[in-house]
Amino acid sequence: MTASNQTNILKTYFLLTYVVVLFLVSDSIPFTSILQDGLLPFGYMLVTWLLYGLYYLLPAIGVTALVRFISKNSSAAYLTAVITGGITTLLMYANAKLFSLYGMFFNGFIFNLVSTPGGIESLGGSSASDVGFALITVGFISLQAAILWLAHRLYVKKSTPKLSFKFLPATALIATVLVHMGFALDSYTTNQLNVVAQAIPFYQTVSARGFFKSLGFTTQREAKIKLKGKLNYPLNPIQFKQPAKPYNIIWLTSESWRADTLNERIMPNSWEFAKGAARFTRNYSTGNGTRMGVFGMFTAMPGNYWFPFLEERRGAAIIDVLEQQQYQMSFYTSAKFSYPEFDKTIFAHVPTNLLHDNNKGASGWENDRNNVTSLLSFIDNRDKTKPFFTFMFFESPHARYYFPPESVIATPYRDDLNYATLSKTALRNDIIPIKNRYINSVHHLDMQYGRIFDYLKQHQLLDNTIVILVGDHGEEFMEHGFWGHNSTFVDQQVRTPLVIYKPNSAPLVSDQMTSHMDIVPTIMPLLGVTNPSSDYATGYNLLAGEKRNHTYVSDWDKVTYVDDEVKITQPVNAKSFALMTASRGDDSALPHDERKAILQTKQPAMLQLVQDLSKFFKKKDAKAPAPPR
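Computed from a prediction, not measured in an experiment: that's the story for all the values here.

Is there a simple way to think about the sheet that holds strand 13 (residues 566-571) in this case?
Hydrogen bonding along the main chain pairs the strands of a sheet, whether they run parallel or antiparallel. Strands sit in the order 11-12-13-14 across an open sheet of 4 strands; the sheet is antiparallel. Of all the strands in the sheet, just strand 11 (550-554) and strand 14 (581-584) have a single pairing partner and so form its edges. Within this sheet the neighbouring strands show an average axis-to-axis angle of 20°, counted without direction. Helix 19 (residues 592-601) rests against strand 13 and strand 14 of the sheet, and its axis sits at about 100° to strand 14.

Quick question: what am I supposed to make of the side chain of asparagine 541 here?
Following the sequence through the fold, asparagine 541 ends up in the loop between helix 18 (519-523) and strand 11. Beyond its immediate stretch of four places on either side in the chain, asparagine 541 contacts Pro521, Thr522, Pro525 and Glu546.

Explain the environment of valine 67 to me, please; I cannot follow it from the model alone.
Assignment of secondary structure puts valine 67 in helix 3 (residues 39-71). Valine 67 gets classed as partly exposed once you look at its relative accessible area, which sits at 22%. In this structure, the C-alpha to C-alpha distance between valine 67 and alanine 81, residues 14 residues apart in sequence, is 9.4 Å. Among residues more than four places away in sequence, those in contact with valine 67 are Lys72, Ala76, Ala77 and Thr80.

Hey, could you run me through the nonpolar core in this one?
As a rule of thumb, soluble globular proteins bury nonpolar side chains together. One finds Trp251, Phe298, Ile318, Phe347 and Phe389 to be the most contacted residues of the largest nonpolar core, which totals 73 residues. Counting 46 residues, the second largest nonpolar core, distinct from the first, contains Tyr401, Leu422, Tyr438 and Met478.

What should I look at first to understand the pattern of salt bridges in this one?
Where charged atoms of side chains with opposite charge meet at close range, the side chains can pair. Summed over the entire model, instances satisfying the criterion amount to 17 salt bridges. With a closest N to O distance of 2.7 Å, glutamate 406 and arginine 369 form a salt bridge. Here arginine 369 lies in helix 15 (residues 364-380) and glutamate 406 lies in the loop between strand 5 (388-394) and helix 16 (424-458), a separation of 37 residues in the sequence. Relative accessible area serves as the criterion here: at 47%, glutamate 406 is assigned to the partly exposed category. Among the ionic pairs, aspartate 557 bridges to lysine 558, the shortest N-O distance being 3.4 Å.

Just checking my understanding: could you explain the packing of aromatic side chains for this structure?
Any pair of aromatic rings gets described here by the distance separating the centres and the angle formed by the planes. Taken as a whole, this structure holds 36 aromatic pairs when the rule is applied. Seen from their ring centres, phenylalanine 337 and phenylalanine 347 are 5.9 Å apart, and the 80° between their planes marks the pair as edge-to-face. Residue phenylalanine 337 is found in the loop between strand 3 (328-333) and strand 4 (355-356), and its partner phenylalanine 347 is found in the loop between strand 3 and strand 4; the two are separated by 10 residues along the sequence. By relative accessible area, which is 3% here, phenylalanine 337 ends up buried. Taking 6.5 Å as the distance between ring centres and 85° as the angle between the ring planes, the aromatic pair formed by tyrosine 401 and tryptophan 483 counts as edge-to-face. Of this pair, tyrosine 401 sits in the loop between strand 5 and helix 16 while tryptophan 483 sits in strand 8 (residues 483-484), and the two are 82 residues apart along the sequence. With respect to burial, tyrosine 401 and tryptophan 483 carry one shared label: buried. Clustering of aromatic rings is evident, with ring pairs tying together Tyr233, Phe295, Tyr305, Trp306, Phe309, Phe342, Phe616 and Phe617. Arginine 495 extends its terminal NZ or CZ atom over the ring of tyrosine 284, reaching a point 5.8 Å from the ring centre.

Mind showing me how you'd approach the pairing of strand 9 (residues 495-501) here?
For a regular strand, side-chain orientation follows a simple rule: the groups alternate between the two sheet faces. Judged by how many residues are buried, strand 9 sits mostly within the fold: 7 of 7 residues are covered. Inspection of the sheet shows strand 6 (residues 465-471) paired to strand 9 by 4 bridges, in the antiparallel sense. Of the residues in strand 9, the one forming a bridge with valine 467 is tyrosine 501.

Would you take a moment to explain unusual backbone geometry for this structure?
Peptide bonds are, in most cases, trans, and in most cases residues other than glycine have a negative phi. For the bond from alanine 399 to arginine 400, the omega torsion is 25°, close enough to zero to count as cis. For arginine 400, the location among the structural elements is in the loop between strand 5 and helix 16. The peptide bond linking threonine 411 to proline 412 adopts the cis configuration, its omega dihedral lying at -5°. Following the sequence through the fold, proline 412 ends up in the loop between strand 5 and helix 16.

Explain the side chain of threonine 80 to me, please; I cannot follow it from the model alone.
Structurally, the position occupied by threonine 80 is in helix 4 (residues 74-102). For threonine 80, the contacting residues outside a window of four places in its chain are Val63, Thr64, Val67 and Gly85.

Looking at this structure, I do not really get the sheet that holds strand 2 (residues 278-284). What am I missing?
Taken together, the 8 strands give an open sheet; going across it, the order is 4-3-5-1-6-9-2-10, and neighbouring strands pair in mixed fashion. Either end of the sheet is taken by a strand with one partner, and the two such strands are strand 4 and strand 10 (508-515). Here strand 3 runs beside strand 4; their pairing, made up of 2 bridges, is parallel. By the bridge assignment, phenylalanine 331 is partnered in strand 4 with leucine 355. Of the strands in this sheet, strand 1 (248-254), strand 3 and strand 5 touch helix 15, which is tilted by about 180° from strand 5. Packing against the sheet, helix 16 makes contact with strand 1, strand 5 and strand 6, and its axis sits at approximately 170° to strand 1.

Analysis parameters
Residues numbered from 1 in each chain as written. Predicted model: local features only at pLDDT ≥ 70, side-chain atom pairs only at ≥ 80, totals over all residues. Heavy atoms only, no water. Pairing = 2+ DSSP bridges. Helix = DSSP H or I, 4+ residues; strand = E, 2+ residues; numbered from the N terminus. Axes fitted to C-alpha atoms, helices over the stretch in contact; angles between N-to-C directions. Contact = heavy atoms within 4.5 Å. Buried < 20%, exposed > 50% of the residue type's maximum accessible area, 1.4 Å probe, protein only. Core = buried A, V, L, I, M, F, W, Y, C linked by side-chain atoms within 4.5 Å. Salt bridge = Lys/Arg side-chain N within 4 Å of Asp/Glu carboxyl O. Phe/Tyr/Trp six-rings, centres within 6.5 Å; stacked < 30°, edge-to-face > 60°. Lys NZ or Arg CZ within 6 Å of the ring centre and 35° of its normal.

Here it is as structure tokens:
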């Protein structure tokens, strides 16, 4: 076969693969709703979709061309084309499924999940899921082989016309400039194209502020949210006067524990215990995932501070205080302390022999039971002349939702969840049995909490022990179109129960807004800390009657401002604020005109957000004044 035919076979192969890529990407694009917004955004979306489909294929095309140039061997080029094309379409399929189920594309969070020890394990996938993913991988490679075979068959016949992409590079370059400059122009005028940018995987926003300012457009620079610099945490050294009779502290945190499950039916033990404690019914996590949620509850800071803490291996101030007061400590998790990297952040100063995550159970509920046994054994064998602190992270309510038969209170429920075959349609059809599975897992969580409550009563430890019950984040069941967590900031994903038991305190039920950031400022004074909470927290003392009117919830690269009226989400450390989103406080949509008016009135709050996200960084040294002349 001539070199010309080989070239045309590869051109045809990549053209057909391009069509497959466009089909896969289309799953994340709301064509109908964008068309309803008008012909301009719809036309823009079509051009952007076609253009970015080409971008996604460029690595495969480039690698194949390079191999063909070096090897001069058609077989090597064909094999490379099949492998790189298969990887591309497989990744675009996985990206589309990820967006469909969780509302996100591949990002730094997904890379961290895959590359960090314990990350893949945290997903809780089953063997059926593993087999399913393997079959899907084989399927996509086979599809690309079939496409290459078809292209080859077409050029066996001499009459097949040759393909020419002579003008494609110039056309793509012009389209790239027009698409991105058009987006920048829209961000200063009608702001209609945000929905397109959010629907196209890896869309690169530009501002071109200087260019459009020179044309006379008003290009007001927004206060950019950046978290970079050296930590200054706490702002002042922590001072304390240890109480003569220090409290013991038991801190129990559960995976995916959403606010509305703390009730008499699902969690009878916890419900009864909460009657004698302070229960906060409108508590917000500091994140829509475990990383930011647990980080925020131990540092009393917005979750976006996670990254500088990780870089500097900085631990939580409350742990420092406990160590200085010679608390006996022991930490347990039914997941891993290495994922998220709590052993390098909030527990960075804790000796590794106190971090227990050697889980040998076959599932989350077994590990929860085993770890509760170990936790109670630690309390049993402690030195009774010293106070103790113990923490446990429970895994039962994590998808796939783990529980034994005796914990079943909700039927029917799904026997298992196969991630490989999940789709949004399947989730909608099965969401009640899936949620029932979750309810059963939360009931098992309550049974384990009950073991701890019973132990504390039997050993008269409730007279001098503080108990904290809290979820790391919530869990959505398609109430707003998604399942699970880590995708959006709707209440179902970010609100959790919060119960704080303090000996000899009157029971309390509060409907005021609270945050994970309020836990440490509530506990620190009970440890004798005399600093104002502003030295080490962005939170309030809940047992002193302090109240908040807003809070912050974070994920990997965004932060959401929340108050009674509105939720405003902004990217952190991003080049453009064009992808800012806003909704009402109850998660309902904001009409365009109302959105614009609310964002205007919330500008002081946005400035406060910027200040709070830079509060715990060292200020740059002031420049010395120039010497007099």
